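Close look at the chain arrangement
Residues per chain are reported as follows:
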Amino acid sequence: MPAADFTHVTTWVFDLDNTLYPPHMRLFDQIEVRMTNWVMRALNVDRARADHLRAHYWQTYGTTLAGLMTEHGIDPGPYLTEVHDIDFSVLSPDPRLAEAIAALPGRRIVYTNACAPYAEKVLQARGLAGLFDAIYGVEHAGFHPKPDARAFAAVFDKDGLVPDAAAMFEDDPRNLAVPHSLGMRTVHVAAEPRPAPHIHHHTDDLAAFLARLQG
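A brief structural summary.

Rules used throughout
Counting of residues starts from 1 at the beginning of each chain's written sequence and follows it residue by residue. Local features in this predicted model are restricted to residues of pLDDT 70 or higher, and side-chain atom pairs are both shown and tallied only at a pLDDT of 80 or more, whereas totals for entire chains, interfaces and linings draw on every residue. The side-chain figures draw on all heavy atoms in the structure; neither hydrogens nor water molecules are used. Any two rings among Phe, Tyr and Trp, with Trp reduced to its six-membered ring, count as a pair given centres within 6.5 Å; such a pair is stacked if its planes are under 30 degrees apart, edge-to-face if over 60, and tilted if neither. Where helices and strands are cited, they refer to DSSP runs of H or I of at least four residues and of E of at least two residues respectively, numbered from the N terminus. Buried residues are those whose accessible area, probed at 1.4 Å on protein chains only, stays under 20% of the maximum for their type, while exposed residues exceed 50% and partly exposed ones sit between those limits. Either the NZ atom of lysine or the CZ atom of arginine qualifies as a charge over a ring when it sits within 6 Å of the ring centre and within 35 degrees of the ring normal. Pairing between strands is defined by DSSP: at least two bridges between them are needed. Convention adopted: a line fitted to C-alpha atoms gives each axis, helices being fitted over their contacting stretch, and angles between N-to-C directions are expressed from 0 to 180 degrees. Any two residues whose heavy atoms approach within 4.5 Å are treated as being in contact. Orientation labels follow simple angle bins: below 35 degrees gives roughly parallel, above 145 gives roughly antiparallel, 65 to 115 gives roughly perpendicular, and whatever is left gives oblique. Crossing handedness follows the turn of the near helix against the far one: under a right angle anticlockwise gives a left-handed crossing, and clockwise gives a right-handed one. Each residue gets one of three labels, nonpolar for Ala, Val, Leu, Ile, Met, Phe, Trp, Tyr, Cys and Pro, charged for Asp, Glu, Lys and Arg, and polar for the others, Gly among them. As used here, the term nonpolar core means buried Ala, Val, Leu, Ile, Met, Phe, Trp, Tyr and Cys residues forming a set that is joined through side-chain atoms within 4.5 Å.

1. Looking at the packing of aromatic side chains
Counted under the stated rule, the structure contains twelve aromatic pairs. Measuring from centroid to centroid gives 5.1 Å for W38 and Y79, while their planes differ by 90 degrees, and the two rings are edge-to-face. Pair noted here: W38 is in helix 1 (residues 27-43) and Y79 is in helix 4 (residues 76-83), with a separation of 41 residues, a long-range link. Of the two residues examined, W38 and Y79, each falls in the buried class. Considering the side-chain rings of Y111 and F152, the 5.8 Å spacing of their centres and the 90 degrees angle between planes classify their relative orientation as edge-to-face. Taken together, the residues span a long stretch of sequence, with Y111 in strand 2 (residues 107-111) and F152 in helix 7 (residues 149-159) at a distance of 41 residues. A network of ring pairs unites the aromatic residues F6, W12, F14, F132, F169 and F209 as a single cluster. The residue whose ring lies beneath K146 is Y111, and the NZ or CZ to ring-centre distance is 4.7 Å. In this structure, R174 packs its charged tip against the face of W58, placed 4.1 Å from the ring centre.

Following this line, the structure appears as structure tokens:
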């Protein structure tokens, strides 16, 4: 593992869902069910149509919310509150990951397409609360989602982040394209690699990857 690739990094940016907890904990499954239910009620469609739209908007716009706002003009506030009202007990603390994140030099931030209050609950359940200098949600990006370049610009401007001295950790390969173009080091966190020119590294074990960076 080329730890030397990260010696210049002073800001560490982490996605949240399926990045700071493993997909097998199935937290996002709960959110998808609540999204589908919300779409059924708001658009007056059946479950099959709502589920199709949920997935279609995610693929087309980056998030279901972005599609709903663009195509139906929905108010994001009530939507975000409802879809993130879930059971966090499926998450368990990860002392190994907490130790690895705490040891990183410089600023450590979370940037998620979900909302910041939800992110705080996830971090608490994972034993990662208090380890990050800032937590940014889609509300801090003007409700533009990753992978939209406007979203990254809004959040990084708020943070004062210097891309040439930053690294991004993400489970969705699409969301690493803009960070790469800005000069950030990019790490795809997933069970299987998805090689692409905009992905520098892949790991299926974030805690182990971060520990190796510190020797």
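2. Some words on the sheet that holds strand 5 (residues 185-189)
One open sheet accounts for six strands, arranged 3-2-1-4-5-6; its pairing is parallel. Here the strands that pair on one side only, and so sit at the sheet edges, are strand 3 (134-136) and strand 6 (201-203). The average undirected angle you get between the axes of adjacent strands in this sheet is 20 degrees. The pairing of strand 1 (residues 11-14) with strand 4 (residues 166-170) spans four bridges and is parallel. From the neighbouring strand, T11 faces strand 4, where its bridge partner is A166. Packed on one face of the sheet, helix 9 (residues 206-213) meets strand 1, strand 4, strand 5 and strand 6 and runs near 130 degrees to strand 6.

3. Considerations on the packing of helix 3 (residues 64-72) against helix 4
In contact at an axis separation of 11 Å, helix 3 and helix 4 are set at 155 degrees when each is read in the N-to-C sense. Accordingly, the angle class assigned to the pair helix 3 and helix 4 is roughly antiparallel. In this structure, helix 3 meets helix 4 at a crossing whose hand is right-handed. When helix 3 is examined against helix 4, the residues T64, L65, L68 and M69 are found in contact with a partner set consisting of P76, Y79 and L80. Residues belonging to the contact of helix 3 with helix 4 are distributed by class as follows: six nonpolar, one polar and no charged.

4. Overview of helix 6 (residues 116-125)
Of all the positions in helix 6, only A116, Y118, A119, V122, L123 and A125 are classed as buried. As for helix 6, its buried residues are in contact with helix 1, strand 2 and strand 3. At the exit of helix 6 stands G127, carrying a positive phi of roughly 75 degrees.

5. Things to note about unusual backbone geometry
Residue P147 follows K146 across a cis peptide bond; omega there is 15 degrees. By the element assignment, P147 lies in the loop between strand 3 and helix 7. With a phi angle near 55 degrees, N44 is a residue other than glycine that sits in the positive phi range. Structurally, the position occupied by N44 is in the loop between helix 1 and helix 2 (47-61). With a phi angle near 65 degrees, F143 is a residue other than glycine that sits in the positive phi range. Along the polypeptide, F143 turns up in the loop between strand 3 and helix 7.

6. Some points on the nonpolar core
Counting residues in hydrophobic clusters, the biggest one holds 51 residues, and the most contacted among them are L20, Y118, F169 and L210. Residues in contact with L20, not counting those within four places in the same chain, are F14, D15, L97, I101, V110, L123, R126, L128, F132 and L206. If you look at the next biggest cluster of nonpolar residues, it comprises 17 residues, including I109, Y136, A141 and F152.

Worth remembering: the numbers are spatial, not functional.
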